[in-house]
Amino acid sequence: MDDLTILRIYDIISEYCINKRKSVLYYEIEYGTEEEKQEIINFYKDKLPLEILESINKDDDNFILFNKAQSAIEYAESVFPYLPEISVINPKFHISTRVFDVDGSILWENGD
């Protein structure tokens, strides 16, 4: 039997960025129940683009491709609030967001 190799989602994204020479904006929500997920979606209904809301409704983990990391960062900053900002309202509404550059490194996060 082969040795067991565990891949994290970040490993997969990093390899994709390196191989395709693309930047990736990765975003995810955390929720316990479908009701909590719907509460998050309802909160963002008039605050996020429809495509983002639809993607969050379909899956926990989502990705947007960009040619340049700076474009991904600018988009992320314009769409996804930082954790301290959203925590004032409700920390469970935080959408964790990271930008990977073309070298596969995390260049930006909205967690702080």
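The following paragraphs examine the structure supplied in this document. Within any chain, residue numbers begin from 1 and follow the written order of that chain's sequence. pLDDT decides what is reported in this predicted model: residues at 70 or higher carry local features, side-chain atom pairs at 80 or more are listed and counted, and totals for whole chains, interfaces and linings draw on all residues regardless. Calculated side-chain values reflect all of the structure's heavy atoms, with hydrogen atoms and water omitted.

Quick look at the overall build of the protein chain now. Each helix and strand counted, the protein chain has five helices and four strands in total. In DSSP terms, a helix is any run of H or I states spanning at least four residues, a strand is any run of E spanning at least two, and both are numbered starting from the N terminus. Each helix and strand of the protein chain, placed in order from N terminus to C terminus, yields the pattern α-β-α-α-β-α-α-β-β. In terms of overall dimensions, the protein chain has C-alpha extents of about 45 × 40 × 25 Å along its principal axes. Three labels apply to residues, based on accessible area from a 1.4 Å probe with only protein chains included: buried if under 20% of the type maximum, exposed if over 50%, partly exposed otherwise in between. Residues classed as buried in the protein chain amount to 38% of the 112 residues present. Accessible surface is estimated by sampling points in the Shrake-Rupley manner with a 1.4 Å probe; for residues, cover comes only from the protein chains shown. Counting every atom, the protein chain has about 7100 Å² of accessible surface; 50% of that belongs to carbon and sulfur. Charged-residue counts in this description rest on Lys and Arg as positive and Asp and Glu as negative, His and the chain ends being excluded. Here the site of a charge means atom NZ of a Lys, CZ of an Arg, CG of an Asp or CD of a Glu. Separation of charge centres in the protein chain, based on 11 positive and 23 negative side chains, amounts to 6 Å.

Another aspect to go through is the pairing of strand β1 (residues 23-28). Side-chain positions along a regular strand alternate between the two faces of the sheet. Most of β1 sits out of view: six of its six residues are buried. A strand pair is defined by DSSP finding two or more bridges across the two strands. Here five bridges tie β1 to strand β3 (residues 96-100), and the two strands are oriented antiparallel to one another. Within β3, the position partnered with Val24 by the bridge is Phe100.

Attention shifts here to a nonpolar patch on the surface. To count toward a patch, a residue needs a relative accessible area above 30% and no salt bridge. Like charges then connect within 9 Å, nonpolar side chains (Val, Leu, Ile, Met, Phe, Trp, Tyr) within 5 Å. Here a salt bridge means any side-chain nitrogen of Lys or Arg lying within 4 Å of a carboxyl oxygen belonging to Asp or Glu. A grouping of Leu7, Ile9, Ile12 and Phe63 is seen on the molecular surface, where their side chains present a nonpolar patch of about 370 Å² in accessible area. Tracing the chain through its elements places Ile9 in helix α1 (residues 9-20). What makes Ile9 partly exposed here is its relative accessible area of 32%.

Pairs can form between side chains of opposite charge whenever their charged atoms are close. In the structure shown here, the tally under the stated rule is five salt bridges. A salt bridge links Arg8 to Asp11, with the shortest nitrogen-to-oxygen separation between them at 4.0 Å. Note that Arg98 is salt-bridged to Glu28, the shortest N-O span being 3.7 Å. Highlighted residues: Arg98 in strand β3 and Glu28 in strand β1, separated in sequence by 70 residues. In terms of burial, Arg98 and Glu28 fall into one category: buried. Among the ionic contacts, a cluster of salt bridges with common partners joins Glu28, Arg98 and Glu109.

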